[in-house]
Amino acid sequence: MKKYWSFFRIRFIHGLQYRAAALSGMVTQFVWGTMEILLFRAFYESAPQSFPMEFQALSTYIWLQQAFLALYMTWFWESELFHSITTGNVAYELCRPVRLYHMWFVRGLAVRLSKAVLRCMPILVFAWLLPAPYGLTLPGSFHTWFFTLLSMTLGLLFVVAFGMVVYISVFYTISSQGIKLIVTSLSEFLSGAIIPLPFLPDGIREFVNFLPFASAQNVPFRIFGGDLKGHDMYTSLLGQVFWLAVFLVIGQIMERNALKRVVIQGG
Amino acid sequence: MNSTRLYEKYLLIHLKSMMQHKVSFLLTTIGQFLVSFNIFLGVRFMMDRFKEVKGFSYGEVLLCFSITLMAFTIAETIFRSLDTFETIIGNGEFDRILLRPRGSLFLVLCSKIELTRIGRLLQAVVMLIYGIYSSSIIWTPVRIMTVVLMIIGGVAVFAAIFLIFASICFFTLEGLEFMNIFTDGAREYGKYPIGIYGKTLLTICTYLVPFALFQYYPFLYLTGKTSDSWYSLLPLAACLFLIPAGLLWNFGLSRYQSTGS
Amino acid sequence: MIQVEHMNKTFKVTRRSAGFSEAVKALFHREVELIHALNDISFTIGDGEMVGYIGPNGAGKSSTIKILSGILTPDNGTCMINGRIPWKERKEHVKDIGVVFGQRSQLWWDVPILDSFELLRDIYEIPTHQYQETLDELTGLLSLGELLRTPARQLSLGQRMRCEIAASLLHRPKILFLDEPTIGLDAVSKLAVRDFIRKQNKEHKTTVLLTTHDMQDIDALADRVLLIGRGRLLLDGTLSDLKSHRPKEEATLDEIIAALYRDYRI
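Predicted model only: the values in this text are computed from it and were never measured. (Residues numbered from 1 in each chain as written. Chains lettered and ligands numbered in written order. Predicted model: local features only at pLDDT ≥ 70, side-chain atom pairs only at ≥ 80, totals over all residues.)

Looking only at helices and strands, chain C features 10 helices and nine strands. For 266 residues, the compact-globule formula gives about 18 Å, and the C-alpha radius of gyration of chain C, at 20 Å, lands near that figure. Expressed along its principal axes, the backbone C-alpha trace of chain C runs to roughly 60 × 55 × 40 Å. For chain C, the share of sequence-separated contacts (at least 6 apart) that also reach a separation of at least 24 residues comes to 70%. (Helix = DSSP H or I, 4+ residues; strand = E, 2+ residues; numbered from the N terminus. Rg over C-alpha atoms; globule rule 2.2 N^0.38 Å. Contact = placed C-beta atoms within 7 Å.)

Further remarks concern the overall build of chain A. Within chain A one finds 12 helices and zero strands. Whereas a compact globule of 267 residues would reach a radius of gyration of roughly 18 Å, chain A reaches 19 Å, a difference of no more than 12%. By principal-axis analysis of the C-alpha atoms, chain A measures approximately 60 × 40 × 35 Å. Partitioning the intrachain contacts of chain A with sequence separation of at least 6 by distance along the chain shows that 82% fall at a separation of at least 24.

Contact with chain A, which involves 28 residues of that partner, is made by 33 residues of chain B. Per-element accounting of the side of chain A that touches chain B gives the leading share, 14 residues, to helix α2 (residues 19–46) of chain A. Considered class by class, the residues forming the side of chain A that touches chain B number 19 nonpolar, eight polar and one charged. (Nonpolar A, V, L, I, M, F, W, Y, C, P; charged D, E, K, R; others polar.)

Each packed pair of helices is defined by two parameters, the angle between the axes and the distance between the axes. Residues and elements named next belong to chain A. Axis separation between helix α8 (residues 142–173) and helix α11 (residues 218–225) bottoms out at 8 Å; the angle between their running directions is 170°. Overall, the two elements α8 and α11 adopt an arrangement that is roughly antiparallel. Here Thr144, Phe147, Thr148, Ser151, Met152 and Gly155 of α8 come into contact with α11, specifically with Val219, Pro220, Ile223 and Phe224. A breakdown of the residues in the contact of α8 with α11 according to their chemical character gives six nonpolar, four polar and no charged. (Axes fitted to C-alpha atoms, helices over the stretch in contact; angles between N-to-C directions. Parallel < 35°, antiparallel > 145°, perpendicular 65-115°, else oblique.)

We now examine the sheet that holds strand β7 (residues 207–211) of chain C. Residue and element names in this part refer to chain C. With mixed pairing, the six strands of this open sheet are ordered in space as β5-β6-β7-β3-β8-β9. Across the chains shown, the open sheet's two edge strands, defined by having one partner strand only, are β5 (97–101) and β9 (232–238). Averaged over all pairs of adjacent strands, the angle between their axes in this sheet comes to 15°, without regard to strand direction. Where strand β3 (residues 50–54) and β7 come together, four bridges link them in parallel fashion. Looking at the pairing, methionine 50 lines up with valine 208 of β7. Helix α6 (residues 157–169) rests against β5 and β6 (175–179) of the sheet, and its axis sits at about 160° to β5. (Pairing = 2+ DSSP bridges.)

Here we come to the nonpolar core. Residue and element names in this part refer to chain B. In terms of nonpolar packing, the biggest core is built from 200 residues, with Phe158 and Phe162 touching the most fellow members. With 16 residues, helix α8 (residues 141–169) is the single largest residue contributor to this core. Excluding residues within four positions of it along the chain, phenylalanine 158 makes contact with Ala71, Phe72, Ala75 and Ala186. (Core = buried A, V, L, I, M, F, W, Y, C linked by C-beta atoms within 7 Å. Buried ≥ 20, exposed ≤ 12 C-beta atoms within 10 Å, placed from the backbone.)

Turning to the environment of threonine 14 of chain C, a few remarks are in order. Structurally, the position occupied by threonine 14 of chain C is in strand β1 (residues 2–15). When the C-alpha atoms of threonine 14 of chain C and threonine 207 of chain C are compared, they prove to be 37 Å apart, with 193 residues separating the residues in sequence.

A turn of α-helix holds 3.6 residues, and therefore any two residues three or four places apart point the same way. Over its 14 residues, helix α9 (residues 177–190) of chain A runs 20 Å from end to end, which matches the ideal 20 Å to within 8%, given 1.5 Å per residue. Along α9 of chain A, the residues that are buried comprise Leu181, Val183, Thr184, Ser185, Ser187, Phe189 and Leu190 of chain A. Against the buried residues of α9 of chain A lie α8 and α10 (202–210) of chain A together with α2 (22–50) of chain B. Downstream of α9 of chain A by a residue or two, glycine 192 of chain A has a phi angle that is positive, lying close to 90°. (Expected span 1.5 Å × (residues − 1).)

Moving on, we get to the environment of alanine 238 of chain B. Residues and elements named next belong to chain B. Structurally, the position occupied by alanine 238 is in helix α13 (residues 234–239). A tally of 27 C-beta atoms within 10 Å means that alanine 238 is categorised as buried. In this structure, the C-alpha to C-alpha distance between alanine 238 and isoleucine 152, residues 86 residues apart in sequence, is 9.4 Å. For alanine 238, the contacting residues outside a window of four places in its chain are Gly153, Ala156, Val157, Pro210, Leu213 and Phe214.

Of note, the phi angle at lysine 54 of chain B is positive, near 50°, even though the residue is not glycine. Note on lysine 54 of chain B: 15 C-beta atoms within 10 Å, which makes it partly exposed. Here the phi dihedral of histidine 6 of chain C falls at roughly 50°; this positive angle occurs in a residue that is not glycine. Its location among the elements puts histidine 6 of chain C in strand β1. By C-beta crowding, histidine 6 of chain C is classed as partly exposed, having 14 other C-beta atoms within 10 Å.

Once that is clear, we can look at the interface of chain B and chain C. Facing 18 residues of chain B, the contacting portion of chain C comprises 23 residues. If you list the elements that add at least two residues to the side of chain B that touches chain C, you get α1 (3–19), α5 (93–98) and α14 (242–259) of chain B. No other element matches α1 of chain B, which puts five residues into the side of chain B that touches chain C.

The subject of this paragraph is the confidence of the model for chain A. Here chain A averages 83 in pLDDT, and 94% of its residues register 70 or above. Between the elements of chain A, mean pLDDT differs from a low of 74, seen in helix α1 (residues 2–16) of chain A, to a high of 88, seen in helix α3 (residues 55–67) of chain A. (pLDDT = per-residue confidence, 0-100.)

For the rest of this paragraph, the subject is the confidence of the model for chain C. Residues and elements named next belong to chain C. Averaged over every residue, the pLDDT of chain C is 87; the share at 70 or more is 94%. When the elements of chain C are averaged for pLDDT, helix α1 (residues 20–26) gives the smallest value, 64, and helix α4 (residues 113–124) the largest, 94. The ipTM, which scores confidence in the relative placement of chains, is 0.86 for this predicted complex, and the corresponding pTM is 0.85.

What follows is about the pairing of β6 of chain C. All names here are of chain C. Of all five residues that make up β6, five are buried, and the element is covered over most of its length. The pairing of β5 with β6 spans five bridges and is classified as parallel. Looking at the pairing, isoleucine 97 lines up with isoleucine 175 of β6. With five bridges joining them, β6 and β7 adopt parallel strand pairing. Residue pairing for β7: aspartate 179 is matched across the bridge by threonine 211. Handedness of the crossover is the feature at issue here: the chain leaves β6, passes through helix α7 (residues 187–204), returns alongside β7, and the resulting connection is right-handed. (Right-handed = clockwise from strand over helix to strand, strands pointing away.)

To continue, consider the environment of tyrosine 197 of chain B. Within the secondary structure layout, tyrosine 197 of chain B lies in the loop between α9 (184–189) and α10 (199–207). In this structure, the C-alpha to C-alpha distance between tyrosine 197 of chain B and cysteine 169 of chain B, residues 28 residues apart in sequence, is 30 Å. Those residues in contact with tyrosine 197 of chain B that sit more than four places away from it in its chain are Met35, Leu38, Leu39 and Ala42 of chain A.

Below is the structure:
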């Protein structure tokens, strides 16, 4: 267990070093968040009756999305990991007395968390200071806070587990390009990063809600904003648990199989 | 050998190089198409639900989106090397460029010509056609010229932004992410006429970074929302943005040469 | 002719330390250190000379090469190469020099070498007739034959280096800067490269400035050696001058150099 903590520490510190990058990233996200809200405002002013959720809940969603981007973005891939598989360097990792799956999983968590930690507070504070309904509002009940945090954790674990499946699939396909592209585009859309899922047209929305990607950021952020509550909330949480379990299992099976048939490709 | 012919030679060698990696080329093209297709889907679903935004119909929005996308894609194809300039500096390629008896900016542009953007270009063309078809614009020669000018102005503005980004790389290689606001941001939010975002943004995009000069005001004329036909000439003013960008490049270059990499 | 007088160059570098608390501190304050890469450097190299430029890592060798090529501007001091100030008349100056970096390639990766050569021909505007002559000569001397039709990524390091050197000489420069040209090469390739450089120097009177850690290169090629350490020029003499510093009778060149480093505390 201690060795995993060391891995975590190293990656975390590494992530903290890039302060200019963090500052820059924060500015970018302020702007992105502001633009998104301005965009939705334009639509709201054109036809408020067609808005599927409270504007305040939407603003909360958008700001949370920006603040915690590092945690849930599916278009972030560590090329180092892909590289180590395609060049065969992964052999060095396999020689260590730790399991590849656990090592990379912990690594994935550490990288995302260190990136998020640097950026989230300023954005959250900024968003909280904005006037309603454009900013972030904090829910009154402990109930909401608790389930949001629970859901966020589940969502993060899911994203990392999902990433693991993609990384390990490269053991089978050698080239990471095709998978990366398709997965990135699909998951971006299906997780509610392009437009929040409630805005999708009726038939499509139900379908998308079934898919695993809806279990990432879509659930926690809507819980926090008050858009998802009661019975629906519990169902969604269960969905998160379900998909997390599924991908953890798939990932571990794939890893075990892949390592059996490791093909070291030229150096 | 004059610069145009040299550029052609570079183009050929890029093509040849690409042919070596056909699969990679195909996948990258598809990938880029998917990214901008996602954006299109966003527009589609939103317009589906809301029918119109700030007075612009679905057809008009598509038209605006396609013009912005086309300008951005053309700029990306030619000026992509500036967008990834931090790599060129980081791996020593720029030093090698300085060892050649040619203008350094020219050679930087030659070093990367992205032919994989063709997927996006096609998407832009299709949307343009669809936008023209479904919007109720009355086409006159002046209006057609407006569209052309909008695209040219757009290419100039995006090129200037890429150039500014590259110039900043001369000073620091860290913390460059915020420039994405102007590049990816423009592509992302330029899908709607930028007037819809409110007065503050419109002012910024008129006087600071002249997006509005090629994407909004001429578009107002195009869709008949204003009859000031001189709006259609504004993209030419947007081209002037290249001047400060060029000056920044020169300044950055002389600083790079005095501090090394 | 290369004339360098009282050249100085200082760089600013930020320091990073290890550990968690240091990393958090670094978020708010960065420590900057001044590095004196070049300190009052002066030397003259005549036409057709073959000079070895040696010193430990970080001594200032690359900075010197960058200044002489016109990429970097020194803080003060003068530098004249064939009547020009390198960084002031960059485009004219680089037409007359060739640079080979042992660790970085200037060739296109996945198209045949000949295509890279032809592109260089177009960049340097070499007249076709002269290009063909030079190409034939280089192909013969470096045995490039079938290599020309092969993409660089399929060549071995030795083959690639031969092509690199040829690429740097296509425009018939009067001065050649070589930065670790034999690094990673097998014995046969090393001999071929050294042999070629010697011939080039002899027949075309090309001035050669060679930086390397491989003392066999120095032994085989250099008439004269410049030793630089911590930014200062510590030795400027012939190869025999260098060898007179031997710590013991049967010392190899490496041992001599190591002794020198010790004596000068670099």
